[in-house]
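Read off the chains here:
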Amino acid sequence: MGFQMNKYDRCVANKMVNGKLCTICWYVDDMKISHVDPLVVNDIINKIEGNFGKMTVTRGKVHTFVGMDIEFKDEGTVFITMVEYLKECIEAFGETILKIANTPAKHDLFVSETLTPLEEKRKEMFHHIVAKLLFVSKRARVDIDLAVSFLCTRVSCSTNEDWEKLRRLLHY
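Let us look at the structure shown here. Nothing here was measured: the structure is a model prediction, and the numbers come from that model.

Moving on, we come to the packing of aromatic side chains. This model, assessed by the stated rule, comprises two aromatic pairs. Measuring from ring centre to ring centre gives 5.5 Å for tyrosine 85 and phenylalanine 135, while their planes differ by 50°; the resulting arrangement is tilted. With tyrosine 85 in helix α2 (residues 83-93) and phenylalanine 135 in helix α3 (residues 120-139), this pair connects stretches of sequence that are 50 residues apart.

Moving on, we get to the nonpolar core. In terms of nonpolar packing, the biggest core is built from 26 residues, with Phe126, Ile129, Leu133, Leu151, Leu166, Leu169 and Leu170 touching the most fellow members. Contributions of two or more residues to this core are made by β6 (68-72), α2, α3, α4 (145-152) and α5 (160-171). Looking at which element gives the most residues to this core, the answer is α3, with five residues.

Okay, the sheet that holds strand β5 (residues 62-65) next. Taken together, three strands build an open sheet; the order of strands is β5-β6-β7 and the sheet is antiparallel. Each having just a single partner strand, β5 and β7 (78-81) make up the two edges of the open sheet. Adjacent strand axes in the sheet meet at a mean angle of 20° when their direction is disregarded. In terms of strand pairing, β5 meets β6 through four bridges, oriented antiparallel. Bridge pairing links threonine 64 to aspartate 69 in β6.

Our focus in this paragraph is the pairing of β7. Inspection of the sheet shows β6 paired to β7 by four bridges, in the antiparallel sense. The residue of β7 that forms the bridge with glutamate 71 is phenylalanine 79. Count of turn residues in the β6/β7 antiparallel hairpin: five residues, of which glycine 76 carries a positive phi of about 85°.

This part takes up the pairing of β5. By the alternation rule, side chains of β5 split into His63 and Phe65, which are all buried, and Val62 and Thr64, of which none is buried. Joining the antiparallel neighbours β5 and β6 is a turn of two residues, in which valine 66 adopts a positive phi near 50°.

Attention now goes to α5. With 12 residues, α5 extends 17 Å from end C-alpha to end C-alpha; this agrees with the ideal 16 Å at 1.5 Å per step. Counted residue by residue, α5 has nine buried out of 12 residues, so it is predominantly covered. Every buried residue of α5 is accounted for by Glu161, Asp162, Trp163, Lys165, Leu166, Arg167, Leu169, Leu170 and His171.

In this structure, valine 28 is a non-glycine residue whose phi angle is positive, near 55°. One non-glycine residue, valine 66, lies in the positive phi region at around 50°. On the secondary structure map, valine 66 appears in the loop between β5 and β6.

Here the focus is the packing of α3 against α4. Put simply, α3 and α4 touch, their axes get as near as 9 Å, and they point 145° apart. In this structure, the crossing between α3 and α4 has a hand that is left-handed. Here Phe126, Val130, Leu133, Leu134, Ser137 and Lys138 of α3 come into contact with α4, specifically with Asp145, Val148, Leu151 and Cys152. In terms of residue class, the contact of α3 with α4 is built from seven nonpolar, one polar and two charged.

Running from N to C, α2 and α5 point in directions that differ by 145°, and their axes come no closer than 11 Å. Note that α2 runs across α5; the crossing there is left-handed. Residues Cys89, Ile90 and Phe93 of α2 form the contact with α5, whose own contacting residues are Trp163, Leu166, Arg167 and Leu170. When grouped by side-chain class, the residues that make up the contact of α2 with α5 number six nonpolar, no polar and one charged.

Let us now look at the environment of isoleucine 45. As for its placement among the helices and strands, isoleucine 45 is situated in helix α1 (residues 38-52). For the pair isoleucine 45 and glutamate 161, spaced 116 residues apart in the sequence, the C-alpha separation amounts to 50 Å. Ignoring any residue separated from it by four or fewer positions in sequence, one finds isoleucine 45 in contact with Ile33, Met55, Val57 and Arg59.

Cut-offs applied
- Residues numbered from 1 in each chain as written.
- Predicted model: local features only at pLDDT ≥ 70, side-chain atom pairs only at ≥ 80, totals over all residues.
- Heavy atoms only, no water.
- Phe/Tyr/Trp six-rings, centres within 6.5 Å; stacked < 30°, edge-to-face > 60°.
- Helix = DSSP H or I, 4+ residues; strand = E, 2+ residues; numbered from the N terminus.
- Core = buried A, V, L, I, M, F, W, Y, C linked by side-chain atoms within 4.5 Å.
- Buried < 20%, exposed > 50% of the residue type's maximum accessible area, 1.4 Å probe, protein only.
- Pairing = 2+ DSSP bridges.
- Axes fitted to C-alpha atoms, helices over the stretch in contact; angles between N-to-C directions.
- Expected span 1.5 Å × (residues − 1).
- Left-handed = near helix turned anticlockwise from the far one by under 90°.
- Contact = heavy atoms within 4.5 Å.
- Nonpolar A, V, L, I, M, F, W, Y, C, P; charged D, E, K, R; others polar.

This is the structure in structure tokens:
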């Protein structure tokens, strides 16, 4: 259809249509098409559906795309949150979160006081949740990036202390 692949992200393609940029982003079977003219978007959708079959299409200012809740506000302003995705992380953690932390990590984030390894089930859950939080930290919550990055280094040798650091991050 004449789109050019983005050299930095192979899941993004761009094309100038009627003097304005049209962008298609996709991830597996989720897609986002944007252009200032809704008729151009309609045309692109029709061409894609002609090749691949009917798609579920949502329009408007609020969308969920790859776990991100995207809300377009005023011109040039967009809010991206991942509240539901984070709720899934907390639920998967399996323990009650009773309090709120002021920061995603305490001053002793990099200190290893105990070396008691996690049991296998908790170790798998630790890995699962840390991977989910890494996704969140790169999309919508850069404020948790340092703590998540550290926990990523602990996935293969996670300890009870690391579990408590994860608990604190989920409190935040």
